[in-house]
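As a plain string of letters, each chain reads:
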Amino acid sequence: MPPPAVNARSVLLPYLLVLVAAMLLIQVTVALTGGEVGLLAGVLTAAAAAGIAAWMWVNRLKLLRIRFGFAVAHAIAFTAVTTSFTAHAVLRALSLGSSGGEGAVAQELLATPWFGATLLMSAAWGIGLLIHLTGSVLGRGWED
């Protein structure tokens with residue numbers, strides 16, 4: 001018998017809003033410090049990851065009572081983090097493309113740390129999310 005439900009909106013909406021705000025602040029910080037993905041971006045992203053893990057731990061009992069709760073929280077984290085870096089990279093590419101041509105865009109996206117922050121992070125985390133979602137579907141939305 002599945003556990004009684006919890007109001008998903010009251011648990012997940014504040015998490016989503018705080019995570020989007022945190023990623024926006026990280027991307028603004030990256031832009032204001034030269035637009036390069038470096039140590040500062042890594043440290044800030046690691047802090048966001050620690051915050052995500054802490055939030056999931058603190059709210060684990062509530063998430064266990066929301067059908068697909070952990071999967072939705074995982075999907076929110078994946079989307080907020082990877083979209084923030086990818087959107088930032090797209091804006092950089094558009095800016096470089098208008099002034100430096102296609103070669104400058106290719107160089108920026110493929111030969112700098114932006115490659116790891118966009119393509120590699122999305123691919124690796126995406127595989128983990130797909131595995132998590134598959135397990136959630138097989139468990140009919142319950143992970144306990």
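Scope of this entry: the structure provided in the associated data block.

Procedures and definitions
- Per-chain numbering applies: the sequence of each chain, read as written, is numbered from 1 onward.
- For this predicted model, a pLDDT threshold of at least 70 governs which residues receive local features, and a threshold of 80 or more governs which side-chain atom pairs are given and counted, while totals over whole chains, interfaces and linings are taken from all residues.
- Water and hydrogen atoms play no part in the side-chain values, which are based on all heavy atoms of the structure.
- Ring geometry is summarised as follows: Phe, Tyr and Trp rings, the Trp one being its six-membered ring, pair when their centres sit within 6.5 Å, and such pairs are stacked at plane angles under 30 degrees, edge-to-face over 60 and tilted between the two.
- Helix numbering and strand numbering both begin at the N terminus, where a helix is a DSSP run of H or I of at least 4 residues and a strand a DSSP run of E of at least 2.
- Three labels apply to residues, based on accessible area from a 1.4 Å probe with only protein chains included: buried if under 20% of the type maximum, exposed if over 50%, partly exposed otherwise in between.
- Counted as over-ring charges are cases with an Arg CZ or a Lys NZ within 6 Å of the ring centre that also lie within 35 degrees of the ring normal.
- Only buried residues count toward a nonpolar core, which is a set of Ala, Val, Leu, Ile, Met, Phe, Trp, Tyr and Cys residues joined through side-chain atoms within 4.5 Å.
- Contacts are assigned to residue pairs with any non-hydrogen atoms lying within 4.5 Å of each other.
- In this analysis, axes come from line fits to C-alpha atoms, helices being fitted only over the stretch in contact, and the angle between any two N-to-C directions falls in the range 0 to 180 degrees.
- What sets the label is the angle itself: under 35 degrees gives roughly parallel, over 145 gives roughly antiparallel, 65 to 115 gives roughly perpendicular, and the rest give oblique.
- Only Asp, Glu, Lys and Arg are considered charged, only Ala, Val, Leu, Ile, Met, Phe, Trp, Tyr, Cys and Pro nonpolar, and every remaining residue, Gly among them, polar.

Once that is clear, we can look at the packing of aromatic side chains. Taken as a whole, this structure holds three aromatic pairs when the rule is applied. Geometrically, the ring pair formed by Tyr-15 and Trp-55 is stacked, given 4.0 Å between the ring centres and 20° between the ring planes. Of this pair, Tyr-15 sits in helix H1 (residues 8-32) while Trp-55 is found in helix H2 (residues 39-58), placing the two residues 40 residues apart along the sequence. Look at Trp-55 and you get buried, because its relative accessible area is 18%. Above the ring of Trp-57, the side-chain terminus of Arg-60 is found at 3.8 Å from the ring centroid.

With 26 residues, the main nonpolar core has Tyr-15, Leu-19, Met-23, Trp-55, Met-56, Leu-63 and Phe-85 as its most contacted residues. Look past the residues within four positions of Leu-19 in its chain and what remains in contact with it is Ile-52, Ile-76, Ala-77 and Ala-80.

Right, let's talk about the packing of H1 against H2 for a bit. The contact between H1 and H2 brings their axes to 10 Å, and the two run at 170°. If you check the angle between H1 and H2, you find them roughly antiparallel. Within the contact between the two elements, H1 uses Val-11, Leu-12, Tyr-15, Leu-19, Met-23, Ile-26, Thr-29 and Val-30 and H2 uses Leu-40, Ala-41, Leu-44, Thr-45, Ala-48, Ile-52, Trp-55 and Met-56. Along the lines of polarity and charge, the residues of the contact of H1 with H2 split into 14 nonpolar, two polar and no charged.

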